[in-house]
Amino acid sequence: MLLPAGTDKITIQRILKVNHAGERAAINIYGAQIAIARRFFPTISPELEKMRADEIVHATIFRDAMPARDTRPCRVMKFWSLGGYVLGLITSALGPQMVWLCTEAVEATVHRHLEEQLRFLKGRDEGLHAAILGIQEEELAHLEVARARRSSKGLLYGLAYGVIAAATSSMIWLSTWGDTSWMKRELKASR
């Protein structure tokens with residue numbers, strides 16, 4: 001595989017790192033939620049377990065794509081993992097509706113970032129583009145499940161959604177050293 005040079009190569013490496021780290025965080029979010037759900041609201045455990053299994057596959061896909069792109073896992077992986085676990089514990093302690101809100105907030109935020117990555121990768125790294133396109137389908141399925149299961153609305157849920165989405169976006173931005181902002185500017189300029 002012939003890799004782009006310069007800024008494009010660095011951005012592709014950062015995309016891989018942040019996506020891999022995000023999948024590790026998602027694995028931990030679902031892991032913590034499953035641990036609580038099995039005991040207190042077992043009817044949602046099978047769906048959470050299926051989503052977690054998808055995230056494990058996604059993390060493997062991103063990890064396996066790293067060597068060919070001269071990339072290593074994100075240096076702040078421990079923060080992603082710990083943050084995911086804490087988020088999973090807190091949301092599951094607040095009940096099934098908060099579990100679904102968490103999934104909705106995270107997956108909606110991730111979907112927006114994946115869309116930007118897909119636009120950026122087109123013509124630059126078709127292999128990674130195809131991998132993300134396949135993963136995006138499953139992430140959208142998770143989002144749709146969460147939206148279908150979440151019935152609670154109101155100020156608390158709106159506030160929680162905003163905090164979770166903002167935290168997810170911030171972690172993505174910090175882990176890519178702001179490349180998400182650079183990608184947006186470049187994509188706007190190329191239209």
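Residues numbered from 1 in each chain as written. Predicted model: local features only at pLDDT ≥ 70, side-chain atom pairs only at ≥ 80, totals over all residues. Heavy atoms only, no water.

## Remarks on the confidence of the model for the protein
Per-residue pLDDT for the protein averages 89, and the proportion of residues at 70 or more is 89%. The secondary-structure element of the protein with the lowest mean pLDDT is helix α7 (residues 179–189), recorded at 54, while helix α2 (residues 45–65) shows the highest, at 97. (pLDDT = per-residue confidence, 0-100. Helix = DSSP H or I, 4+ residues; strand = E, 2+ residues; numbered from the N terminus.)

## What about the packing of aromatic side chains?
A complete count under the given rule lists 0 aromatic pairs for this structure. Lying across the ring of phenylalanine 40, arginine 39 places its NZ or CZ 5.7 Å from the centre. Positioned over the ring face of phenylalanine 120 is arginine 124, at 4.1 Å from the centre of the ring. (Phe/Tyr/Trp six-rings, centres within 6.5 Å; stacked < 30°, edge-to-face > 60°. Lys NZ or Arg CZ within 6 Å of the ring centre and 35° of its normal.)

## Re the pattern of salt bridges
Considering all chains together, one arrives at 8 salt bridges under this definition. Across the pair glutamate 49 and arginine 38 runs a salt bridge whose closest N-O atoms are separated by 2.9 Å. Of this pair, glutamate 49 sits in helix α2 while arginine 38 sits in helix α1 (residues 6–40); the two residues are 11 residues apart in sequence, bridging distant segments of the chain. Look at the salt bridges and you will find they share partners, linking Glu104, Glu144, Arg147 and Arg150 into a network. (Salt bridge = Lys/Arg side-chain N within 4 Å of Asp/Glu carboxyl O.)

## Side note on the environment of arginine 24
Summarising the element assignment, arginine 24 is placed in helix α1. Judged by its relative accessible area of 32%, arginine 24 falls in the partly exposed class. Placed 56 residues apart in sequence, arginine 24 and tryptophan 80 show a C-alpha to C-alpha distance of 7.1 Å. Those residues within four positions of arginine 24 in sequence are excluded, and the remaining contacts are Ala59, Met77 and Ser81. (Buried < 20%, exposed > 50% of the residue type's maximum accessible area, 1.4 Å probe, protein only. Contact = heavy atoms within 4.5 Å.)

## A few points about the nonpolar core
Of all hydrophobic cores here, the largest spans 23 residues; its most connected members are Leu121, Leu128 and Ile132. When near neighbours in sequence (up to four residues on either side) are disregarded, isoleucine 132 contacts Ile15, Asn19, Phe62, Leu114, Gln117, Leu118 and Leu121. One finds Ala37, Met51, Val99 and Ala146 within the second-largest nonpolar core, a separate group that totals 10 residues. (Core = buried A, V, L, I, M, F, W, Y, C linked by side-chain atoms within 4.5 Å.)

## Side note on the layout of surface pockets
By volume, the largest pocket amounts to about 550 Å³. Sorting the residues of the lining of the largest pocket by element identifies α1, α2, α3 (77–93), α4 (96–121), α5 (126–149) and α6 (155–175) as the ones contributing at least two each. Of the residues contributing to the lining of the largest pocket, the split by class is 20 nonpolar, 8 polar and 4 charged. (1 Å grid on protein atoms, 1.4 Å probe; cavity = no way out; pocket = protein on both sides within 12 Å on 5 of 7 lines; lining within 4 Å. Points joined across faces, edges and corners; volume = space filled by probe spheres on them. Nonpolar A, V, L, I, M, F, W, Y, C, P; charged D, E, K, R; others polar.)

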